[in-house]
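Overview (structure and organization)
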Amino acid sequence: MLKLSVKPGEYVLIGNDIKVVFTGGSSHNLRILVDAPKSYNIVRSQALERYGMAADPGNEVRHYKDRELSPEAKEKIRAILMAERKKARREEQAAQEK
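Model, not experiment: these values are computed from the prediction.

Rules behind the numbers
Residues numbered from 1 in each chain as written. Predicted model: local features only at pLDDT ≥ 70, side-chain atom pairs only at ≥ 80, totals over all residues. Heavy atoms only, no water. Patch = residues over 30% accessible without salt bridge, like charges linked within 9 Å, V, L, I, M, F, W, Y side chains within 5 Å. Areas by Shrake-Rupley, 256 points an atom, 1.4 Å probe, with all protein chains shown as cover. Salt bridge = Lys/Arg side-chain N within 4 Å of Asp/Glu carboxyl O. Lys, Arg positive; Asp, Glu negative; His and termini not counted. Charge placed at Lys NZ, Arg CZ, Asp CG, Glu CD. Helix = DSSP H or I, 4+ residues; strand = E, 2+ residues; numbered from the N terminus. Pairing = 2+ DSSP bridges. Axes fitted to C-alpha atoms, helices over the stretch in contact; angles between N-to-C directions. Phe/Tyr/Trp six-rings, centres within 6.5 Å; stacked < 30°, edge-to-face > 60°. Lys NZ or Arg CZ within 6 Å of the ring centre and 35° of its normal.

A separate point is a positive patch on the surface. On the surface, K19, R85, K86, K87, R89 and R90 cluster together into a positively charged patch. For the positive patch, the element with the most residues is helix α2 (residues 71–97), which contributes five residues. If you trace the backbone, R90 turns up in helix α2.

Structure (structure tokens):
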């Protein structure tokens, strides 16, 4: 198992086709984005536990295709990500100035 310390805006590449982006968080929550092909089964441990399933082959949780995001929603997401990046840069600069 690999343990990493990351800052908001940083990401981890897994192979050539999976990207995990750390977008921030608080003392009790962590926000990440997972960009992976739809062929990968990505399930939260809480969902597996809730349905009494193990993370074994054959126990994949099936999901329905998501609706396409509206252009407005996509723009809001871009704005949030840009604001997070700017905030992280400001905090990094402030830390370097000290």
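Right, let's talk about the pairing of strand β3 (residues 30–35) for a bit. In this structure, strand β2 (residues 18–25) lies alongside β3, joined through six bridges in antiparallel fashion. In the sheet register, V21 faces β3, and the bridge partner there is L33.

Read from one edge of the open sheet, three strands run β1-β2-β3, paired in antiparallel fashion. Every other strand in the sheet has two partners, leaving β1 (11–14) and β3 as the edge strands with one partner each. Taking the axes of each pair of neighbouring strands and ignoring which way they run, one obtains an average angle of 20° across the sheet. Where β1 lies against β2, four bridges are found, and the strand directions are antiparallel. Counterpart to I14 in the pairing with β2 is I18.

Where β1 folds back onto β2 in an antiparallel hairpin, the turn is made up of three residues, including G15, whose phi is positive at roughly 65°. The antiparallel pairing of β2 with β3 creates a hairpin that spans four residues between the two strands.

A few words now on the packing of aromatic side chains. Any pair of aromatic rings gets described here by the distance separating the centres and the angle formed by the planes. Tallying each qualifying case throughout the model produces zero aromatic pairs. Between K19 and the ring centre of Y11, over which it is positioned, the NZ or CZ distance is 4.2 Å.

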